[in-house]
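Examining the three-dimensional arrangement
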Amino acid sequence: MSEGLGAWQLIASGDATLFAIVRLSLAVSLSAVAIAMIAGLPLGAIIALARFPGRSAIVVLLNGFMGLPPVVVGLTIYLLLSRSGPLGEFGLLFTPAAMVIAQALLVLPIIAALTRQTVEDLWREYREELTAMQVGPAGLVATLLWDGRFSLVTALLAGFGRAAAEVGTVMIVGGNIDGFTRTMTTAIALETSKGNLPLAMGLGLMLIFLILLINAAAWGVRVWSEQRAG
């Protein structure tokens, strides 16, 4: 009971440590989702529309990657960014940039796979009309992505949820450095092990609140857009 009260006091008082961790977590997760969106939306649409040998295997692989073990992704990025790795010269390991890269790789298959399914369904519905209009490949991708934009919000939210809740990957590539790479999830794990339950609970409450807030905002924008579109 006292820990819960302490958690609310930290939030109400605007505790600097707590809100610094929240800001970093949001910056990392939103950046990762943005990068994954830029790559994942067109990738999913292209796979949905293209027909080529091995396509079924790629679809199965993409769907399988939605459940990638985070620690495996973290280890892979760690090996790539370590001093002896091929990208070690850039000095990205144990930085927020490394965490963004790792989270983006986790989120990318989710967005791409859900986009593929959405675009494939729309293509079945509008195939005849778009074929008759002789829309080119780039136009097909753009048209179907735009038409499915409301459904694709769900894919982006799923990606954000995966990124925001991640622990293992960011722990490996970020190092959980105080004031530099410590996110809400890694801080919760650390502070719980230290017995600092008010801070851990405060961060947990903020994490839940932010996820609910972003989902509510996205739902509101979707409803408003649908009403305007008629």
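Residues numbered from 1 in each chain as written. Predicted model: local features only at pLDDT ≥ 70, side-chain atom pairs only at ≥ 80, totals over all residues. Heavy atoms only, no water.

1. Describing the overall build of the protein
Scanning the protein from terminus to terminus reveals 10 helices and 0 strands. When the helices and strands of the protein are read in sequence order from the N terminus, they spell out α-α-α-α-α-α-α-α-α-α. Considered along the principal axes of its C-alpha atoms, the protein spans approximately 65 × 50 × 25 Å. The long-range fraction of contacts in the protein, counting pairs at least 24 apart against all pairs at least 6 apart in sequence, stands at 74%. When the accessible surface of the protein is totalled, it reaches about 12100 Å², and 69% of it is carbon and sulfur. The positive charge centre, built from 13 side chains, and the negative charge centre, built from 13, are 3 Å apart in the protein. (Helix = DSSP H or I, 4+ residues; strand = E, 2+ residues; numbered from the N terminus. Contact = heavy atoms within 4.5 Å. Areas by Shrake-Rupley, 256 points an atom, 1.4 Å probe, with all protein chains shown as cover. Lys, Arg positive; Asp, Glu negative; His and termini not counted. Charge placed at Lys NZ, Arg CZ, Asp CG, Glu CD.)

2. Some thoughts on the confidence of the model for the protein
Taken residue by residue, the protein gives an average pLDDT of 90. The fraction at 70 or more is 97%. Per-element confidence in the protein is highest for helix α2 (residues 16-49), whose mean pLDDT is 94, and lowest for helix α1 (residues 2-12), whose mean pLDDT is 80. (pLDDT = per-residue confidence, 0-100.)

3. Overview of the pattern of salt bridges
Under the definition given, this model contains 6 salt bridges. Between Lys 194 and Glu 191 there is a salt bridge, and its shortest N-O distance comes to 3.6 Å. Pair noted here: Lys 194 and Glu 191 are both in helix α9 (residues 184-194), with a separation of 3 residues, about one helical turn. Salt bridges sharing common partners tie together Arg 55, Arg 116, Glu 120, Asp 121 and Arg 124. (Salt bridge = Lys/Arg side-chain N within 4 Å of Asp/Glu carboxyl O.)

4. Some remarks on the packing of α2 against helix α6 (residues 137-147)
Where α2 contacts α6, the two axes come as close as 10 Å, and the packing angle between them is 110°. Considered as vectors, α2 and α6 are oriented roughly perpendicular to each other. Note on packing geometry: the crossing formed by α2 with α6 is right-handed. Along its contact with α2, which presents Leu 41, Pro 42, Ala 45, Ile 46 and Leu 49, the element α6 presents Leu 140, Val 141, Leu 144 and Leu 145. Looking at the contact of α2 with α6 residue by residue, the classes come out as 9 nonpolar, no polar and no charged. (Axes fitted to C-alpha atoms, helices over the stretch in contact; angles between N-to-C directions. Parallel < 35°, antiparallel > 145°, perpendicular 65-115°, else oblique. Left-handed = near helix turned anticlockwise from the far one by under 90°. Nonpolar A, V, L, I, M, F, W, Y, C, P; charged D, E, K, R; others polar.)

5. Side note on the side chain of Gln 103
Its place among the elements puts Gln 103 in helix α5 (residues 96-132). Side-chain polar atoms of Gln 103 contact the side chain of Ser 29, separated by 3.3 Å. Contact partners of Gln 103, with chain neighbours within four places excluded, come to Val 28, Ser 29, Ala 32, Ala 163 and Val 170. (Polar contact = N/O pair within 3.5 Å; in protein donor to acceptor, adjacent residues only side chain to side chain.)

6. Brief notes about a negative patch on the surface
A grouping of Glu 125, Glu 128, Glu 129 and Asp 147 is seen on the molecular surface, where their side chains present a negatively charged patch. By residue number, the principal contributor to the negative patch is α5, which donates 3 residues. Inspection of the secondary structure puts Asp 147 in helix α6. When its relative accessible area of 35% is taken as the criterion, Asp 147 is described as partly exposed. (Patch = residues over 30% accessible without salt bridge, like charges linked within 9 Å, V, L, I, M, F, W, Y side chains within 5 Å. Buried < 20%, exposed > 50% of the residue type's maximum accessible area, 1.4 Å probe, protein only.)

7. Structural notes on the side chain of Arg 55
Residue position: Arg 55 is located in helix α3 (residues 55-65). We classify Arg 55 as buried; its relative accessible area is 12%. When residues no more than four places from it in sequence are discounted, the contact partners of Arg 55 are Ile 47, Ala 48, Ala 50, Arg 116 and Glu 120.

8. Some points on α2
Taking 1.5 Å per residue as the helical rise, α2 with its 34 residues ought to reach 50 Å, and the 49 Å between its terminal C-alpha atoms agrees with that figure. Approximately 30° is the largest bend angle found in α2, and it occurs at Met 37. At the N-terminal end of α2, a side-chain oxygen is found 3.3 Å from the backbone nitrogen of Thr 17, two or three residues along, and the residue is Asp 15. (Expected span 1.5 Å × (residues − 1). Bend = angle between axes of the 7 residues up to and from the residue.)

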